[in-house]
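# Structural description and commentary
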Amino acid sequence: MKYISDEEKMRVALNEAKKALDVDEVPIGAAIFDKDDKLICANHNRRELDQNPTSHAEILVLEEASQILGTWRLEEATIAVTLEPDAMCAGAIVNARIRKLIYAAPNLKAGAAYSLYNIPQDPRLNHHVEIKDNILSHESEAILSSFFDSKR
């Protein structure tokens, strides 16, 4: 199946975020698509499940896509994430040579793809990532708000 529009790609990531709710994880989802707009893999945050601080959705899909494709260079791939990546994930996206990052909601506390920093487009780095933000942001924000409201 092809996921041509950014919105279609983001819906895959949003479905992963909803799965995270079922296992009481912070509901952030990510998905990676190849140059032909076909889904390579998708996942959600698993920090609590894995007891691993690096088990962010972005890191998990970057690792899985690299294994599936047999290369760490994901130069023609697009990653969709429901929340703007933090510094760790933004750095990993650059290091994986991702072509395009699309994300839903801004991350005003830790965002590193525009809000606080812009690692994927830092001119001092050797790779630059195309960024498209605010894709279905209201849906992502609603999922995140409901999760954090339930914790208060």
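For the structure given in this document, a descriptive report is provided here. The structure presented is a predicted model; accordingly, all values stated were derived computationally and were not measured. (Residues numbered from 1 in each chain as written. Predicted model: local features only at pLDDT ≥ 70, side-chain atom pairs only at ≥ 80, totals over all residues. Heavy atoms only, no water.)

## Side note on the sheet that holds strand 3 (residues 78-83)
Backbone-to-backbone hydrogen bonds join strands into a sheet, with any given pair of strands oriented parallel or antiparallel. Taken in spatial order, the five strands make up an open sheet running 2-1-3-4-5, and their pairing is mixed. Where the open sheet ends on each side, the last strands, each with one partner, are strand 2 (39-44) and strand 5 (130-132). Averaged over neighbouring strand pairs, the angle between their axes works out to 15 degrees when direction is ignored. Note: strand 3 against strand 4 (residues 100-105), five bridges, orientation parallel. Each residue of the ladder has a partner; that of I79, found in strand 4, is L101. (Pairing = 2+ DSSP bridges. Helix = DSSP H or I, 4+ residues; strand = E, 2+ residues; numbered from the N terminus. Axes fitted to C-alpha atoms, helices over the stretch in contact; angles between N-to-C directions.)

## Remarks on the side chain of S140
Tracing the sequence through the fold places S140 in helix 5 (residues 137-151). For S140, a relative accessible area of 1% translates into the label buried. Excluding residues within four positions of it along the chain, S140 makes contact with L14, T82, L83, A104 and A105. (Buried < 20%, exposed > 50% of the residue type's maximum accessible area, 1.4 Å probe, protein only. Contact = heavy atoms within 4.5 Å.)

## Considerations on the nonpolar core
One broad trend across soluble globular proteins is that nonpolar side chains are buried collectively. Of all hydrophobic cores here, the largest spans 29 residues; its most connected members are I32, L62, L74, I79, I98 and L101. Mapped by element, the contributors of at least two residues to this core are strand 1 (29-33), strand 2, helix 3 (57-69), strand 3, helix 4 (87-95), strand 4 and helix 5. When residues no more than four places from it in sequence are discounted, the contact partners of L101 are I79, V81, P85, I93, A113, P120, V129, E130, I131 and K132. Grouped together as the second largest cluster of nonpolar side chains are 13 residues, V12, I102, A104 and I135 included. (Core = buried A, V, L, I, M, F, W, Y, C linked by side-chain atoms within 4.5 Å.)

## Here we look at the packing of aromatic side chains
As enumerated under the stated definition, the model contains two aromatic pairs in all. Seen from their ring centres, F147 and F148 are 5.1 Å apart, and the 80 degrees between their planes marks the pair as edge-to-face. In this structure F147 comes out as buried when scored by relative accessible area, which is 6%. With relative accessibility at 34%, the residue F148 sits in the partly exposed group. One cation-aromatic arrangement involves K9 over F33; the distance from NZ or CZ to the ring centre is 5.7 Å. (Phe/Tyr/Trp six-rings, centres within 6.5 Å; stacked < 30°, edge-to-face > 60°. Lys NZ or Arg CZ within 6 Å of the ring centre and 35° of its normal.)

## Topic: the pairing of strand 2
For a regular strand, side-chain orientation follows a simple rule: the groups alternate between the two sheet faces. Taken together, the five bridges between strand 1 and strand 2 define a ladder with antiparallel strand orientation. Bridge pairing in strand 2 links A31 to A42. Between strand 1 and strand 2, which follow one another and run antiparallel, lie five residues, and D37 among them has a positive phi close to 65 degrees.

## Thoughts on helix 5
Its 15 residues place the ends of helix 5 21 Å apart at the C-alpha level, agreeing with the 21 Å of an ideal helix rising 1.5 Å per residue. Along helix 5, the residues that are buried comprise S137, S140, I143, L144 and F147. Burial along helix 5 is one-sided: seen end-on, the buried residues are contained in an arc of 135 degrees. Across from the buried face of helix 5, at angles greater than 90 degrees, the exposed residues are H138 and S150. Elements in contact with the buried residues of helix 5: helix 1 (6-22), strand 3 and strand 4. (Expected span 1.5 Å × (residues − 1). Arc of directions from axis to C-beta.)

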